[in-house]
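Each chain is listed here by its residues.
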Amino acid sequence: MHVIAAPSSGGAVLGSLGAGGIALALTVLLVLGVRGRGRIKLTTGRAGTVAFLAGTSYVAAGKIWANAEKVVGQGLTGFGVGSDGPFGHVGIGAVALLLLIFMLAAPLTPVRAAALALLAAFVWPATGDGTLWAVPSQLAAAALMMIGG
């Protein structure tokens, strides 16, 4: 007797997409959805969510996707974050808090919401494991792994 079974997908719902595949797919969804000329039109909240998930997948994917995180890190260093810069000592936690304040209080378009959420995807985990800011990134990474492996 022979049993025919599908190849293992590693527990992922959509099969093995890989972190790079997820990053690519979410980036395309974000660009097309923010432009809003097709069937999918991302609102401010949804654009922020897709951008945060995309940024989280960039971190996991590495390679060319890591360049966005490097640019954000260099920008923060340039502004003196983590040292005595032009604003005095501003830690990475303060930047994380500022991003949240902008997300909650500023008038945002889908493009601006996506930009802030993408920054948050890189800044929040940089505050370190065990911080409140790292939790959304860890949850997003876990969800992405369940979806696409």
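Given the structure is predicted, the values throughout are model-derived calculations rather than measurements.

Draft legend 1. Helix H1 (residues 18–35), seen in detail. The first and last C-alpha atoms of H1 sit 26 Å apart over 18 residues, in line with the 26 Å expected at 1.5 Å per residue. Within H1 the residues assigned to the buried category are Ile-22, Ala-23, Leu-26, Thr-27, Leu-30 and Gly-33. Viewed along the axis of H1, the buried residues span an arc of 145°, placing them on a single side of the element. Where H1 ends, the next residue or the one after it, Gly-36, has phi of about 70°, a positive value.

Draft legend 2. Representation of the nonpolar core in the model. In terms of nonpolar packing, the biggest core is built from 27 residues, with Leu-26, Leu-30, Phe-52, Leu-99, Val-123 and Trp-124 touching the most fellow members. Those elements that provide at least two residues to this core are H1, helix H2 (44–61), helix H3 (66–78), helix H4 (92–105), helix H5 (110–126) and helix H6 (134–148). The greatest single-element share of this core, amounting to 8 residues, is contributed by H5. With residues up to four places along the chain from it excluded, the contact list for Leu-99 reads Leu-116, Leu-119, Ala-120, Val-123 and Trp-124.

Draft legend 3. Up close: the packing of aromatic side chains. Counted under the stated rule, the structure contains 4 aromatic pairs. Here a set of aromatic residues connected by ring pairs shows up, and it is made of Phe-52, Trp-124 and Trp-133.

Draft legend 4. Seen up close, the packing of H4 against H5. Here H4 crosses H5 at 150°, and the two axes come no closer than 9 Å. Accordingly, the angle class assigned to the pair H4 and H5 is roughly antiparallel. Classified by chirality, the crossing of H5 by H4 is left-handed. Packed against H4, whose contacting residues are Ile-92, Val-95, Ala-96, Leu-99, Leu-100, Phe-102 and Met-103, the element H5 presents Leu-116, Ala-117, Leu-119, Ala-120, Val-123, Trp-124 and Ala-126 at the interface. For the contact of H4 with H5, the per-class residue count stands at 14 nonpolar, no polar and no charged.

Calculation notes
Here the residue numbering is sequential within each chain, running from 1 through the sequence in written order. In view of the model being predicted, local features appear only for residues whose pLDDT reaches at least 70, and side-chain atom pairs are presented and counted only at 80 or more, with totals across whole chains, interfaces and linings using the full set of residues. The basis for every side-chain value is the complete set of non-hydrogen atoms in the structure, without hydrogens or water. By definition, any uninterrupted DSSP run of H or I lasting at least four residues is a helix, any uninterrupted run of E lasting at least two residues is a strand, and each is numbered from the N terminus. What a helix is expected to span follows from its residue count: subtract one and scale by 1.5 Å. Between buried and exposed lies partly exposed: a residue is buried under 20% and exposed over 50% of the maximum accessible area for its type, with that area taken using a 1.4 Å probe on protein chains only. Within this analysis, the arc is defined by the directions that extend from the helix axis to the C-beta atoms. We call a set of buried residues a nonpolar core when its members are Ala, Val, Leu, Ile, Met, Phe, Trp, Tyr or Cys and they connect through side-chain atoms within 4.5 Å of each other. We call two residues contacting when some pair of their heavy atoms lies within 4.5 Å. The aromatic pairing rule takes the rings of Phe, Tyr and Trp, using the six-membered ring of Trp, and pairs them if the centres are within 6.5 Å, calling planes under 30 degrees apart stacked, those over 60 edge-to-face and the rest tilted. Where helices are involved, their axes are fitted lines through C-alpha atoms of the stretch in contact, as for all axes, and angles between N-to-C directions lie from 0 to 180°. When describing relative orientation, an angle under 35 degrees is termed roughly parallel and one over 145 degrees roughly antiparallel, while 65 to 115 degrees is termed roughly perpendicular and anything else oblique. In this scheme the handedness of a crossing depends on how the near helix is turned from the far one: anticlockwise by less than a right angle means left-handed, clockwise means right-handed. We call Asp, Glu, Lys and Arg charged. Ala, Val, Leu, Ile, Met, Phe, Trp, Tyr, Cys and Pro are nonpolar, and the rest, Gly among them, are polar.

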